[in-house]
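# Residue-level structural notes
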Amino acid sequence: MRALAYDVVVIGAGPAGLAAAHAAANSGASVAIVDDNPGSGGQIWRGGAAASQDKRARSLAHHIADAKNISPHLQTRVVHIAAAGELQAQTADAAITLRYQKLILATGARERLLPFPGWTLPGVMGAGGLQALSKGGYPVAGKNIVVAGSGPLLLAVAASLAERGARVSHILEQATPGRLLRFLLSLPATPGKLLQALQLWRQLQGTRYLGNSYVQAAHGDARLQQATVSIGGKQQDLPCDYLACGYGLLPNTELASAAGCRLQDGKVVVDEWQRTSVAGVYCAGEGTGIGGVDLALAEGYIAGYAASGQIQQAEQFFRQRRKWQAFAQRLEEGFALRAELLSLCRPDTLVCRCEDVSYAQLLRYPDWRSAKLHSRCGMGACQGRICGAATELLFGWEKDEARLPIFPARVESLLSE
């Protein structure tokens, strides 16, 4: 197995990871940036940072490409923490060992999906998932789409789908009008976000944006045909070809957990320098809490500068971080999930899609471990990334810490030299 050694290894090539790699490289340190996608940019700059419309993405991509001391490892997935200072990873065709002095985790986030009757029908997708597919060429032109769930991401998803020719009839936001109004009134504190919202609104002329609304069930024979929804407390059926449904984002903390980092409320705990509880390990971006691209960039710069000993440069981003942490708090309060979403499951509604475990089956067990042992809930391909978050809300269960390997891996990827 080939072994490579670096001063700093950054896991994740989204905004936080790119900022961290750029900052660390300024010290002259050797830096590796690892991501399992074919291009940098993460989910927010999907399609490649260099081709993004965001000039910050293009600038970072340019600096990363020009830096002689940054080694990108794309289409590479970390699967195992072999020992302190050593990771096992697999590329498309080989297994490698990455050794480091400092490690920066910028592993981003994933969509929160909640089960409801019919959510496993073909045509029902995560909001961000359908957006990603459409950006990759999946045809949505002429399709009638309902976007539902919670958070500003719904607007971005709808605008992206409309840009590719989809007919987005409705955006259903579960937050109450009072919460939405308070959040909207706070946007002038972040003019850039206000401008983004106005630009998205202009792109969505003809689409109905409705608060206090959510999906109750999806229906169809072989695939989705219509969705039963609650709009302002009144039930109605909406015909649709696709239902894009997502309830915000969840931090990806599996690698941090496997490294022994302290977690609290589903987030990695860090200090003012983005240091975790494990010596030499830093975390930046959505792993420390959902806050968006601006907070991710600020935290990435702080982590990169701090990990490479550039303390004064790191301090210059403290104010920016505080600003966007305050925005993240308003975001969390404005789009808190309503109780009705937790009572949609019928007895036969699947909660664990990988192992076909129903809501009624899970009612027999007192906790996550018991359900996992007796029903195989959480033991499928996603390793509980979807159903674990759902059962936490539905039953108050606490999911087990991450187990190695982090992702399905070839045997050679788990063997030391």
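Structure shown above.
Residues numbered from 1 in each chain as written. Predicted model: local features only at pLDDT ≥ 70, side-chain atom pairs only at ≥ 80, totals over all residues. Heavy atoms only, no water.

### Brief notes about the overall build of the protein
Put simply, the test is: Starting at the N terminus, helices and strands are each numbered in turn, a helix being any DSSP run of H or I of at least four residues and a strand any DSSP run of E of at least two. For the radius of gyration, the atoms used are the C-alpha atoms, and the globule rule reads 2.2 Å times the number of residues raised to 0.38. Burial status follows relative accessibility: with a 1.4 Å probe on protein chains alone, a residue under 20% of its type maximum counts as buried, one over 50% as exposed, and anything between as partly exposed. The contact criterion used throughout is that any non-hydrogen atoms of two residues lie within 4.5 Å. The Shrake-Rupley method, run with a 1.4 Å probe, gives the accessible areas here. Residue values count only the displayed protein chains as cover. Charge counting treats Lys and Arg as positive and Asp and Glu as negative, with His and both chain ends excluded. Every charge is mapped onto a representative atom, which is NZ of Lys, CZ of Arg, CG of Asp or CD of Glu.
From N to C terminus, the protein includes 13 helices and 21 strands. In terms of overall dimensions, the protein is globule-like: its C-alpha atoms have a radius of gyration of 21 Å, near the 22 Å expected for 417 residues. Principal-axis analysis of the C-alpha atoms gives the protein an extent of 60 × 50 × 35 Å. Burial statistics for the protein: of 417 residues in total, 53% are counted as buried. Residue pairs at least 24 apart in sequence account for 64% of intrachain contacts in the protein once pairs closer than 6 positions are excluded. Summed over all atoms, the accessible surface of the protein reaches about 18,800 Å², with 50% contributed by carbon and sulfur. Separation between the mean location of the 41 positive side-chain charges and that of the 34 negative ones in the protein comes to 5 Å.

### Comments concerning the pairing of strand β3 (residues 70-74)
Selection criterion: When DSSP locates at least two bridges between a pair of strands, those strands are taken to pair. Here, the term right-handed applies to a crossover whose path from the first strand over the helix to the second runs clockwise when the strands point away from the viewer.
One ladder, built from five bridges, connects strand β2 (residues 31-35) with β3; its direction is parallel. Looking at the pairing, D35 lines up with L74 of β3. What joins β2 to β3 is helix α2 (residues 55-66), and the crossover it makes is right-handed.

### Brief notes about the layout of surface pockets
What counts, and what does not: A cavity here means a set of 1 Å grid points, computed over protein atoms only, where a 1.4 Å probe fits but cannot escape. A pocket is an open set with protein on both sides within 12 Å along at least 5 of 7 lines, and lining residues have an atom within 4 Å of a point. Grid points are joined across faces, edges and corners, and a volume is the space filled by probe spheres set on the points. Amino acids are sorted into nonpolar (Ala, Val, Leu, Ile, Met, Phe, Trp, Tyr, Cys and Pro), charged (Asp, Glu, Lys and Arg) and polar (every other residue, Gly among them).
Volume-wise, the second largest pocket comes out at about 280 Å³. Around the second largest pocket, the lining is made up of 17 residues, and of these K372, G378, Q383, R403 and P405 lie nearest the centre. Looking at the lining of the second largest pocket residue by residue, the class counts come to eight nonpolar, two polar and seven charged.

### Regarding the sheet that holds strand β10 (residues 167-173)
One open sheet holds the five strands; their spatial order is β8-β15-β9-β10-β11, and the pairing between them is parallel. Both outer strands of the open sheet, β8 (124-125) and β11 (208-210), are each paired with one neighbouring strand and no more. Bridge analysis of β8 against strand β15 (residues 242-247) gives two bridges, and the strand direction is parallel. Among the inter-strand pairings, V124 is bridged to a residue of β15, identified as L243.

### Some words on helix α10 (residues 318-334)
Quick note on the threshold: Given a helix with a known number of residues, its expected span is that number minus one, times 1.5 Å.
In this model, α10 (17 residues) spans 24 Å end to end at C-alpha, consistent with the 24 Å of a helix rising 1.5 Å per residue. When we look at burial in α10, the residues that qualify are F318, R321, W324, F327, A328, L331 and G334. Lining the buried residues of α10 we find α5 (177-186), α6 (191-203), α8 (293-307) and α9 (311-315).

### Observations concerning the sheet that holds strand β12 (residues 213-219)
Put simply, the test is: Angles here are taken between N-to-C directions and fall from 0 to 180 degrees, while the axes themselves are lines fitted to C-alpha atoms, restricted in helices to the stretch in contact.
Taken together, the three strands give an open sheet; going across it, the order is β12-β13-β14, and neighbouring strands pair in antiparallel fashion. With partners counted over all chains shown, the strands left at the sheet margins are β12 and β14 (234-239), one partner each. This sheet shows a mean twist of 25 degrees between the axes of neighbouring strands, independent of strand direction. Pairing between β12 and strand β13 (residues 226-231): six bridges, direction antiparallel. Each residue of the ladder has a partner; that of H219, found in β13, is Q226.

### Thoughts on the state of the cysteines
Note the threshold: Here, two cysteine sulfur atoms that lie within 2.5 Å of each other are counted as a disulfide.
Summed over all chains, the structure comprises zero disulfides. Residue C345 stays outside any disulfide, its sulfur separated by 12 Å from that of C377, the closest cysteine. Looking at C345, the relative accessible area reads 13%, which means it is buried.

### Details of the nonpolar core
Note the threshold: Here, nonpolar core refers to any group of buried Ala, Val, Leu, Ile, Met, Phe, Trp, Tyr and Cys residues whose side-chain atoms link them within 4.5 Å.
Formed by 38 residues in total, the largest nonpolar core has its most connected members in V10, L18, V31, W45 and I104. Listed by contribution, the elements that provide at least two residues to this core are β1 (2-11), α1 (15-25), β2, α2 and α8. Considering each element in turn, this core owes the most residues, nine residues, to α8. Ignoring sequence-local partners within four residues, the contact set of I104 consists of V8, V9, V10, I11, A20, Y282, A303, G304 and A307. In terms of nonpolar packing, the next biggest core, distinct from the first, is built from 26 residues, L113, V146, L172 and L210 among them.

### Structural notes on empty space enclosed by the protein
Enumeration according to the criterion identifies two cavities of 30 Å³ or more in this entry. Looking at the lining of the largest cavity, the elements with two or more residues in it are β8 and β15. Looking at side-chain class alone, the lining of the largest cavity contains eight nonpolar, one polar and one charged residues. Roughly 30 Å³ of internal volume is contained in the second largest cavity.

### A short note on the packing of aromatic side chains
Test applied: Pairing of aromatic rings covers Phe, Tyr and the six-membered ring of Trp, with a centre-to-centre limit of 6.5 Å; geometry is then stacked below 30 degrees between planes, edge-to-face above 60, and tilted otherwise. Note on criteria: charge over ring means Lys NZ or Arg CZ within 6 Å of the ring centre, with the direction from the centre no more than 35 degrees off the ring normal.
The tally for this structure, following the rule as stated, stands at eleven aromatic pairs. A ring pair is formed by F183 and F327, whose centres lie 6.1 Å apart and whose planes are at 50 degrees; its orientation type is tilted. In this pair, F183 is assigned in helix α5 and F327 in helix α10, connecting sequence segments 144 residues apart. For the pair F183 and F327, a shared accessibility class is recorded, and that class is buried. Here the aromatic residues F183, W324, F327 and F335 are joined through ring pairs into a cluster of three or more. R77 extends its terminal NZ or CZ atom over the ring of F407, reaching a point 4.0 Å from the ring centre. The side chain of R223 reaches across the aromatic face of Y242, ending 5.3 Å from its centre.

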